[in-house]
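The chain contents come next:
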Amino acid sequence: MRSEKAVPGERVIVEMSFVPLGVGTSLSPFVAEAVRLIRESGLRHEFHSMGTNVEGPYDVVMDLVKRCQDRIFEMGAPRLSTSLKISARSDRAPDMAAKKRHVEELLGSG
């Protein structure tokens, strides 16, 4: 377990999901472009079927959200719905892998 203390809100885990509106039924090109930007960011991330989890400093992650939104608009989306869930801790830096590992241990498969 990590003992590293965190400044409240300094590091976060953010689940982000982008849904462009007014672009037809195929959203995959827009989602792929957002995932490309996320991968290029160098931040720890996990892409899944309903969004992407990203871990890092709050300001850096929020800047990434803005860059993804801006790029989707540049691609021609007239509207965009962005959903964010933010996990922050004051006792230690959040860690996506540790959260998953702990649940797996409780399930007896870790």
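No experiment lies behind these values; they were computed from the predicted model shown.

A.B. asks: Which residues make up the overall build of the protein, and what are the values?
C.D. replies: In terms of helices and strands, the protein carries three helices and four strands. The order of α-helices and β-strands along the protein, N terminus first, is β-α-β-β-α-β-α. Dimensions of the protein, computed from the C-alpha atoms along their principal axes, are close to 45 × 30 × 20 Å. The 110 residues of the protein split such that 30% are buried. Considering only contacts in the protein between residues 6 or more positions apart, those separated by 24 or more positions represent 74%.

A.B. asks: Quick one: what's the story with the nonpolar core, residue by residue and with numbers?
C.D. replies: Nonpolar side chains tend toward joint burial in soluble globular proteins. Within the largest apolar cluster, 18 residues are counted, with the highest numbers of intra-cluster contacts made by Met16, Phe18, Val54, Val61, Leu64, Cys68 and Ile72. Of all the secondary structure elements, the ones that give two or more residues to this core are strand S1 (11-21), helix H1 (28-40) and helix H2 (58-74). Looking at this core, the element that brings in the most residues is H2, giving six residues. Apart from residues no more than four positions distant in its own chain, Phe18 is found in contact with Val31, Ala34, Val65, Cys68, Gln69, Ile72, Leu80, Ser81 and Thr82.

A.B. asks: Requested: an account of the sheet that holds strand S2 (residues 44-48), with residues and values cited.
C.D. replies: With antiparallel pairing, the four strands of this open sheet are ordered in space as S2-S3-S1-S4. At either end of the open sheet lies a strand with only one pairing partner, and these are S2 and strand S4 (79-88). With strand direction ignored, the average angle separating the axes of adjacent strands in the sheet is 20°. Pairing analysis gives six bridges linking S1 to strand S3 (residues 51-57), with the strands arranged antiparallel.

About the cut-offs
- Residues numbered from 1 in each chain as written.
- Predicted model: local features only at pLDDT ≥ 70, side-chain atom pairs only at ≥ 80, totals over all residues.
- Heavy atoms only, no water.
- Helix = DSSP H or I, 4+ residues; strand = E, 2+ residues; numbered from the N terminus.
- Buried < 20%, exposed > 50% of the residue type's maximum accessible area, 1.4 Å probe, protein only.
- Contact = heavy atoms within 4.5 Å.
- Core = buried A, V, L, I, M, F, W, Y, C linked by side-chain atoms within 4.5 Å.
- Pairing = 2+ DSSP bridges.
- Axes fitted to C-alpha atoms, helices over the stretch in contact; angles between N-to-C directions.

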